[in-house]
Amino acid sequence: MNLPEAFTSYTQALLGSDRFATLADALTLPPPVSIRINPLKWQGRDIDAGWQPQRVAWCDEGYHLCQRPEFTFDPLWHSGTYYVQEAASMFVHHILRHFIHQPVLMLDLCAAPGGKSTAARSALPAGSMLICNDPVRTRAQILAENMLRYGHPDVMVTCNMPADLADSTLTFDVILADVPCSGEGMFRKDEVAVQEWSPQHVEQCRNLQREIVTQAWQRLKPGGLLIYSTCTINRQENEDNAEWICRTLGGTALDVPTQPEWGILGSMSDHWDGPSYRFMPGFTKSEGLFMTVIRKEDDQMPHSGKRPQKGKKDKERGKKKAQPHSEALRYLLTPDDFVAEECGDSTYAVARTWHDTWQQAATRLHILTGGVPLLVQRGRDTMPHPALPLSTAVREDNMPHVALDYAEAIRYLRREAPQLSPDTPKGWVTVTYDGEPLGLAKHLGQRTNNLYPQEWRIRTNHTPEHPCGLTCQRSDKEG
């Protein structure tokens, strides 16, 4: 790898000769591979020993693999049973498990493609709500896809600029700001980041990061937590910004417990010694990443999760407004815990405890998905939402399940017509692989309509010689 000369001289001065040599050697090696299981869908599975799985030290749901599987051809990846995530990014899971022990409202500000969002949702206490946002429409659509696959009912996905969120009435107990950066920590995975690097770009990123954090800070509750994160190495975008946040906005950096054997490095500032957590190739089995946790100054701690009580007028308005397609709540395990809400051409089930939050968001923000996807309007017809089977809040008996073998599962994921058994009931069916739902189909008797979302489909015609699977197939489930 041909590193920019200015980057080499600056980083060598920052790290010292020995540490820089370790980093430079690591950048010549292939990137490590890691995945994080989805505990809502993983039950009873084991990673095949051929992948030599090793636990990620700071995340009990993360595993390093000895090589990279063809994830595209593993139906369980498409089902949301696990997520392919860089190991350093899983540190957000460790942070949340340490600090958050009661329901909270959390914002992941720059969330696409969704790795940290799924890690955060897994770590948050039950009853919490996570709003994942990305300001770029194409990236936000990928984020929505990944969060729908993950299947947790208490997630919303929005597409807004940080300034739009600053103008909203929402306030958050936790905000994760994984801000746009110069990407030095991803050099061995992203050649474009190497080509685009310059001292001027670093300066531009630092200024943009301060602007974004300033806007987000307005929506953070007193006593709330800001998790500031970049995937870069330089001090300007990391310790200098963390020090600026604490001094200018009013915050205190908090200690996060770590172990020396994890290889995480601390602050490299010569004027600020606040707790900082640096992951770097050659020191940790990961790409480069910086994180720090800052509490907004105030005596208050994040709230208990109790939602504000509605006033009399609000209750009256609620009585008058009929809920759209509320009969579709029958798909859910606990329908009384949810309220049906329309969003674009879709209907979602939103947890009653977070209904006020949904309504606040709907007045100011662009919501892409939220809660459990129930229905979608197609012309004059209303049909079950294609992502309905992927939610962990739905009843298994809401429609017939049809198990597919590996070859048929790949055909389905390519959006080809699956070949179902002649005795398959007519109507809507959930197709599964190894016990996990993949999506919807409509069986018409002589043929079957594949309802897998067009934009999610496998786009290559290549088929592996052997079934590609990360896990040992379970003997207690169909498939």
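Above this text is the structure in question.
Computed from a predicted model, the values in this text were never measured in an experiment. (Residues numbered from 1 in each chain as written. Predicted model: local features only at pLDDT ≥ 70, side-chain atom pairs only at ≥ 80, totals over all residues. Heavy atoms only, no water.)

**Student:** Give a description of the overall build of the protein that names residues and reports values.
**Tutor:** Along its length, the protein carries 13 helices and 23 strands. A compact globule built from 479 residues would reach a C-alpha radius of gyration of about 23 Å, and the protein, at 23 Å, matches this within 12%. The burial tally for the protein puts 58% of its 479 residues in the buried class. Counting contacts in the protein only where the partners sit at least 6 residues apart, residues at least 24 apart contribute 72% of the total. On the protein, roughly 20800 Å² of surface is accessible, and the fraction owed to carbon and sulfur atoms is 48%. Separation between the mean location of the 50 positive side-chain charges and that of the 58 negative ones in the protein comes to 8 Å. (Helix = DSSP H or I, 4+ residues; strand = E, 2+ residues; numbered from the N terminus. Rg over C-alpha atoms; globule rule 2.2 N^0.38 Å. Buried < 20%, exposed > 50% of the residue type's maximum accessible area, 1.4 Å probe, protein only. Contact = heavy atoms within 4.5 Å. Areas by Shrake-Rupley, 256 points an atom, 1.4 Å probe, with all protein chains shown as cover. Lys, Arg positive; Asp, Glu negative; His and termini not counted. Charge placed at Lys NZ, Arg CZ, Asp CG, Glu CD.)

**Student:** Hey, could you go over the packing of helix 5 (residues 115-123) against helix 6 (residues 137-150) for me, with residue numbers and the actual values?
**Tutor:** Packing of helix 5 against helix 6 brings their axes to within 10 Å, and their N-to-C directions diverge by 30°. Crossing of helix 5 over helix 6 shows right-handed handedness. Across the interface between the two elements, Ser117, Thr118, Arg121 and Ser122 from helix 5 touch Leu143, Met147 and Tyr150 from helix 6. For the contact of helix 5 with helix 6, the residue count by class is three nonpolar, three polar and one charged. (Axes fitted to C-alpha atoms, helices over the stretch in contact; angles between N-to-C directions. Left-handed = near helix turned anticlockwise from the far one by under 90°. Nonpolar A, V, L, I, M, F, W, Y, C, P; charged D, E, K, R; others polar.)

**Student:** How would you sum up the sheet that holds strand 17 (residues 372-378)? Please name residues and give values.
**Tutor:** The strand order across the open sheet built from four strands is 14-15-17-18, with neighbouring strands paired in antiparallel fashion. Either end of the sheet is taken by a strand with one partner, and the two such strands are strand 14 (338-343) and strand 18 (381-384). Averaged over all pairs of adjacent strands, the angle between their axes in this sheet comes to 25°, without regard to strand direction. By the bridge criterion, four bridges tie strand 17 to strand 18 in an arrangement that is antiparallel. By the bridge assignment for strand 18, Leu375 is matched with Pro384. Along the sheet, helix 12 (residues 355-364) makes contact with strand 14 and strand 15 (346-351), crossing strand 14 at roughly 10°. (Pairing = 2+ DSSP bridges.)

**Student:** Please provide a residue-by-residue account of the packing of aromatic side chains, values included.
**Tutor:** Summed over all chains, the structure comprises eleven aromatic pairs. Ring centres 5.7 Å apart and planes at 40° place the aromatic pair Phe91 and Tyr277 in the tilted group. Of this pair, Phe91 sits in helix 4 (residues 91-99) while Tyr277 sits in strand 12 (residues 277-279); the two residues are 186 residues apart in sequence, bridging distant segments of the chain. Residue Phe91 is classed as buried on the basis of its relative accessible area, which comes to 0%. Among the aromatic residues, those joined into a cluster by ring pairs are Trp58, Phe91, Trp262, Tyr277 and Phe279. Sitting over the ring of Tyr331, Arg330 keeps its end group 4.8 Å from the ring centre. A cation over an aromatic ring shows up here: Lys442 above the ring of Trp428, its NZ or CZ 4.5 Å from the ring centre. (Phe/Tyr/Trp six-rings, centres within 6.5 Å; stacked < 30°, edge-to-face > 60°. Lys NZ or Arg CZ within 6 Å of the ring centre and 35° of its normal.)

**Student:** Provide a residue-level description of the pairing of strand 10 (residues 220-230), including the pertinent values.
**Tutor:** Of all eleven residues in strand 10, ten are buried, a share of seventy percent or more. Sheet analysis places strand 9 (residues 172-178) next to strand 10, joined by six bridges and oriented parallel. Paired with Asp178 across the bridge in strand 10 is Ser229. Direction of pairing for strand 10 relative to strand 13 (residues 289-296): antiparallel, over a ladder of six bridges. In the sheet register, Tyr228 faces strand 13, and the bridge partner there is Thr292.

**Student:** Residue-level account of the pattern of salt bridges, with values.
**Tutor:** Using the criterion set out here, one finds 18 salt bridges in the structure. Its salt-bridge partner being Arg97, residue Asp60 comes within 3.9 Å of it at the nearest N-O pair. Of this pair, Asp60 sits in strand 4 (residues 59-65) while Arg97 sits in helix 4, placing them 37 residues apart in sequence. Exposure remark for Asp60: the relative accessible area of 43% places this residue in the partly exposed category. Between Arg247 and Glu243 there is a salt bridge, and its shortest N-O distance comes to 2.8 Å. Residue Arg247 and its partner Glu243 are both found in helix 10 (residues 239-250); the two are separated by four residues, about one turn of the helix. Each of Arg45, Asp434 and Glu436 takes part in a single network of salt bridges with overlapping partners. (Salt bridge = Lys/Arg side-chain N within 4 Å of Asp/Glu carboxyl O.)

**Student:** Go over the nonpolar core with me, naming the residues and quoting the values.
**Tutor:** For soluble globular proteins, nonpolar side chains are generally found buried alongside one another. Residues Leu109, Leu226, Ile245, Leu332, Phe338, Val372 and Leu374 are the most contacted members of the largest nonpolar core, which totals 55 residues. Those residues in contact with Leu109 that lie beyond four places of it in its chain are Asn133, Asp134, Pro135, Pro162, Leu165, Leu176, Ala177, Ile212 and Ala216. One finds Ala88, Met106, Val157 and Val256 within the second-largest nonpolar core, a separate group that totals 43 residues. (Core = buried A, V, L, I, M, F, W, Y, C linked by side-chain atoms within 4.5 Å.)

**Student:** How would you summarise unusual backbone geometry if you had to cite specific residues and measurements?
**Tutor:** In this model, Ala112 is joined to Pro113 through a cis peptide bond whose omega is 5°. Structurally, the position occupied by Pro113 is in the loop between strand 6 (105-108) and helix 5. For Gln52, which is not glycine, the phi dihedral falls at a positive 45°. You can see Gln52 is positioned in the loop between strand 2 (46-47) and strand 3 (54-56). When its relative accessible area of 52% is taken as the criterion, Gln52 is described as exposed. Even without glycine at this site, Asp434 takes up a positive phi of about 50°. Here Asp434 falls in the buried class, since its relative accessible area comes to 1%.

**Student:** Give a detailed account of helix 1 (residues 5-15), specifying residues and quantitative values.
**Tutor:** Residues of helix 1 that are buried: Phe7, Thr11, Leu14 and Leu15. Looking down the long axis of helix 1, one finds its buried residues gathered within 80° of arc, a one-sided arrangement. Looking at helix 1, the residues exposed on the side facing more than 90 degrees away from the buried face are Glu5 and Ala13. Packing partners of the buried residues in helix 1 comprise helix 2 (17-26) and strand 12. (Arc of directions from axis to C-beta.)

**Student:** So what's going on with helix 13 (residues 406-413)? Which residues, and what values?
**Tutor:** Most of helix 13 is tucked away, with six of its eight residues classed as buried. Among all positions in helix 13, only Tyr406, Glu408, Ala409, Ile410, Tyr412 and Leu413 are buried. At its buried positions, helix 13 is contacted by helix 3 (75-78), strand 20 (427-433), strand 21 (436-443) and strand 22 (448-450). Between a side-chain oxygen at the N-terminus of helix 13 and the backbone nitrogen of Ala407 the separation is 3.3 Å; the capping residue is Asp405. Arg415 lies just past helix 13 and shows a positive phi near 70°. (Polar contact = N/O pair within 3.5 Å; in protein donor to acceptor, adjacent residues only side chain to side chain.)

**Student:** Describe the side chain of His93, naming the residues involved and giving the relevant values.
**Tutor:** Along the chain, His93 falls in helix 4. Judged by its relative accessible area of 2%, His93 is buried. Excluding residues within four positions of it along the chain, His93 makes contact with Cys59, Asp60, Glu61, Ala119, Ser122 and Ala123.

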